[in-house]
Amino acid sequence: QVQLVESGGGLVQAGGSLRLSCAASGRTFSTYAMGWFRQAPGKEREFVATISGSGVNTYSVEGRFTISRDNAKNTVYLQMNSLKLENTGVYYCAASRVGASRVSGTTTGYYDYWGQGTQVTVSS
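If you're wondering where the values come from, they're calculated on a predicted model, not measured in any experiment.

## Some details on the sheet that holds strand β3 (residues 18–24)
Right, on to step 1. Pairing is antiparallel in the open sheet, where 4 strands are placed in the order β1-β3-β8-β7. A strand with exactly one partner marks an edge of an open sheet, and here the two such strands are β1 (4–7) and β7 (65–70). Looking at each pair of strands side by side, their axes are set apart by 15° on average, direction ignored.
Right, on to step 2. Where β7 and strand β8 (residues 75–80) come together, 6 bridges link them in antiparallel fashion. Looking across to β8, one finds that Asp70 is bridged to Thr75.

This is the structure we're talking about:
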């Protein structure tokens, strides 16, 4: 069982930056690929980025966003730069049991554990 707690959300002006954090419980954090998803009001949860358990492999659909992790701290991060209004939503981190060397998928079904989410609001 993995418990995930996101933090770092808030209100930011368009063009600004935020760094989200997701702290995980457990001693096997490095064996999980991790992902970030965003859910805007009235919309489905959509994929943002994923990183392998080792941290070597990453994939992001947002060129302005960077996913990283610190396995010594059991934490995954999402650095978001040049934020736009359409980046507003609740951001969730998720853990996937695909192994340490692989990134996970781009749909929610690939992930086994979810955090409660953190709100990001981008204003004009």
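## Focus on the side chain of Arg69
Right, on to step 1. Topologically, Arg69 is positioned in strand β7.
Right, on to step 2. One buried charged side chain, Arg69, makes no salt bridge at all; its nearest oppositely charged neighbour is Asp70, positioned 8.3 Å away.
Right, on to step 3. A distance of 2.8 Å separates a polar atom in the side chain of Arg69 from the backbone oxygen of Tyr32.
Right, on to step 4. Polar contacts involving the side chain of Arg69 include one to the main-chain carbonyl oxygen of Ser52, which spans 2.8 Å.
Right, on to step 5. Ignoring sequence-local partners within four residues, the contact set of Arg69 consists of Phe29, Ser30, Tyr32, Ala33, Met34, Ile51, Ser52, Gly53, Gly55, Thr75, Val76 and Tyr77.

## Focus on the environment of Thr88
Right, on to step 1. Inspection of the secondary structure assignment puts Thr88 in the loop between β8 and β9 (89–96).
Right, on to step 2. Considering only alpha carbons, one finds Thr88 and Phe37, 51 residues apart in sequence, at a separation of 12 Å.
Right, on to step 3. Not counting the four nearest positions on each side in its chain, Thr88 is found in contact with Arg38, Ala40, Gln119, Val120, Thr121 and Val122.
Right, on to step 4. Within the structure, Thr88 has its side chain in polar contact with the backbone nitrogen of Val122 (distance 2.9 Å).

## Observations concerning the nonpolar core
Right, on to step 1. Of all hydrophobic cores here, the largest spans 26 residues; its most connected members are Leu4, Met34, Trp36, Val76, Leu78, Met80 and Tyr91.
Right, on to step 2. Elements with a contribution of two residues or more to this core: β3, β4 (33–39), β5 (46–51), β7, β8, β9 and β11 (118–123).
Right, on to step 3. Per-element accounting of this core gives the leading share, 4 residues, to β3.
Right, on to step 4. Among all residues touching Leu78, those that are not within four sequence positions of it are Leu18, Arg19, Leu20, Trp36, Val48, Ala49, Phe65, Thr66, Ile67 and Tyr91.

## Some remarks on unusual backbone geometry
Right, on to step 1. Backbone geometry places Asn74, a non-glycine residue, at a positive phi of 55°.
Right, on to step 2. Mapped onto the secondary structure, Asn74 falls in the loop between β7 and β8.
Right, on to step 3. Using a relative accessible area of 17% as the deciding quantity, one classes Asn74 as buried.

## Some remarks on the state of the cysteines
Right, on to step 1. All chains considered together, the criterion is met by 1 disulfide.
Right, on to step 2. For Cys22, the disulfide goes to Cys93, at an S-S distance of 1.9 Å. Taken as a pair, Cys22 in strand β3 and Cys93 in strand β9 lie far apart in primary sequence, 71 residues in all. Note on accessibility: Cys22 and Cys93 belong to one class, buried.

Calculation rules
- Residues numbered from 1 in each chain as written.
- Predicted model: local features only at pLDDT ≥ 70, side-chain atom pairs only at ≥ 80, totals over all residues.
- Heavy atoms only, no water.
- Pairing = 2+ DSSP bridges.
- Helix = DSSP H or I, 4+ residues; strand = E, 2+ residues; numbered from the N terminus.
- Axes fitted to C-alpha atoms, helices over the stretch in contact; angles between N-to-C directions.
- Buried < 20%, exposed > 50% of the residue type's maximum accessible area, 1.4 Å probe, protein only.
- Lys, Arg positive; Asp, Glu negative; His and termini not counted.
- Salt bridge = Lys/Arg side-chain N within 4 Å of Asp/Glu carboxyl O.
- Polar contact = N/O pair within 3.5 Å; in protein donor to acceptor, adjacent residues only side chain to side chain.
- Contact = heavy atoms within 4.5 Å.
- Core = buried A, V, L, I, M, F, W, Y, C linked by side-chain atoms within 4.5 Å.
- Disulfide = S-S within 2.5 Å.

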